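# Observations on the three-dimensional arrangement
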Amino acid sequence: MKRKEYIFKPIGYVKTSTIFIPRHWSYSDVEGEIIINPEYKEGLKDIKPGDKIVVLFCFHKSPPFSKNKLIQKPPHKEKPTGVFNTCSPIRPNPIGLSVLDVLEVRDNIIKVKRIDMFDGTPIFDIKPYKAYSEVTDKEEN
């Protein structure tokens, strides 16, 4: 079976003036904005302050991946481990995921907290965050 390749186009980008960016969203209190391209603005309907959103983005400043990076030693672990057991930005597909707190939504801009992305980071998608305890068997979305 032939494998299909995919091309992703950003729907927006991150805007932040912070120089120091934490390695992971769960350690971050950095605020910034997700600027959505105008043609996708309607897709922000019903996102509101207090919500949490899952943001999928590109590690656009990471070096190219090579097979010798399948095992990496994260700075907070004692020994090397597989790349799929890390949050390393050096990955076969440089896709990142963060859970951000929504502070404000106006026009095509979402003001957020917990940013762990650089200014200019391309955004691929946004999804609602649902904790396991919030999901029921009856829920379809």
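Residues numbered from 1 in each chain as written. Predicted model: local features only at pLDDT ≥ 70, side-chain atom pairs only at ≥ 80, totals over all residues. Heavy atoms only, no water.

Apart from glycine, the bulk of residues carry a negative phi angle, and the bulk of peptide bonds sit in the trans form. A positive phi angle, near 75°, is found at Asp46, a position not held by glycine. Along the chain, Asp46 falls in the loop between strand S2 (31-36) and strand S3 (52-58). We note that Arg114 has phi near 95°; this positive angle belongs to a residue other than glycine. Mapped onto the elements of the fold, Arg114 is located in the loop between strand S7 (109-113) and strand S8 (122-128). (Helix = DSSP H or I, 4+ residues; strand = E, 2+ residues; numbered from the N terminus.)

Moving on, we come to the side chain of Asp101. As for its placement among the helices and strands, Asp101 is situated in strand S6 (residues 95-106). Among the residues examined, Asp101 registers a relative accessible area of 17% and is labelled buried. Looking at Asp101, its side chain comes within polar contact range of the side chain of Arg114, at 3.2 Å. Here Asp101 is in contact with Asp51, Lys52, Lys111, Val112, Lys113 and Arg114, once residues within four sequence places are set aside. (Buried < 20%, exposed > 50% of the residue type's maximum accessible area, 1.4 Å probe, protein only. Polar contact = N/O pair within 3.5 Å; in protein donor to acceptor, adjacent residues only side chain to side chain. Contact = heavy atoms within 4.5 Å.)

Turning to the confidence of the model for the protein chain, a few remarks are in order. Looking at the protein chain, the pLDDT average stands at 89 and 90% of residues meet or exceed 70. Across the protein chain, S8 holds the top mean pLDDT of 98, while strand S5 (residues 81-82) sits lowest at 88. (pLDDT = per-residue confidence, 0-100.)

Bringing the pattern of salt bridges into the picture now. Here the idea is simple: oppositely charged side chains can pair when their charged atoms come close. Applying the stated criterion across every chain, the model contains nine salt bridges. As a salt-bridge pair, Asp107 and Lys41 come within 2.9 Å of each other at their nearest N and O atoms. Of this pair, Asp107 sits in the loop between S6 and S7 while Lys41 sits in the loop between S2 and S3, and the two are 66 residues apart along the sequence. The salt bridge partner of Lys127 is Asp125, with a shortest N-O separation of 3.4 Å. Its relative accessible area of 29% is what places Asp125 among the partly exposed residues. Residues joined in a network through salt bridges with shared partners are Glu33, Glu104 and Arg106. (Salt bridge = Lys/Arg side-chain N within 4 Å of Asp/Glu carboxyl O.)

Take the sheet that holds S7 next. In spatial order, the strands read S1-S2-S7-S6-S3-S8; together these six strands close into a barrel with antiparallel pairing. Geometrically, the sheet is characterised by an average inter-axis angle of 45° between neighbouring strands, direction not taken into account. Sheet topology places strand S1 (residues 12-15) next to S2; four bridges connect them, and they run antiparallel. Counterpart to Lys15 in the pairing with S2 is Glu33. (Pairing = 2+ DSSP bridges. Axes fitted to C-alpha atoms, helices over the stretch in contact; angles between N-to-C directions.)

In this structure, Ile34, Ile53, Ile110, Ile123 and Ile126 are the most contacted members of the largest nonpolar core, which totals 19 residues. Ranked by residues supplied to this core, first place goes to S3 with three residues. Ile123 has contacts with Pro10, Ile11, Gly12, Tyr13, Val14, Ile34, Val55, Leu56, Phe57 and Met117, leaving out every residue within four places of it along the chain. (Core = buried A, V, L, I, M, F, W, Y, C linked by side-chain atoms within 4.5 Å.)

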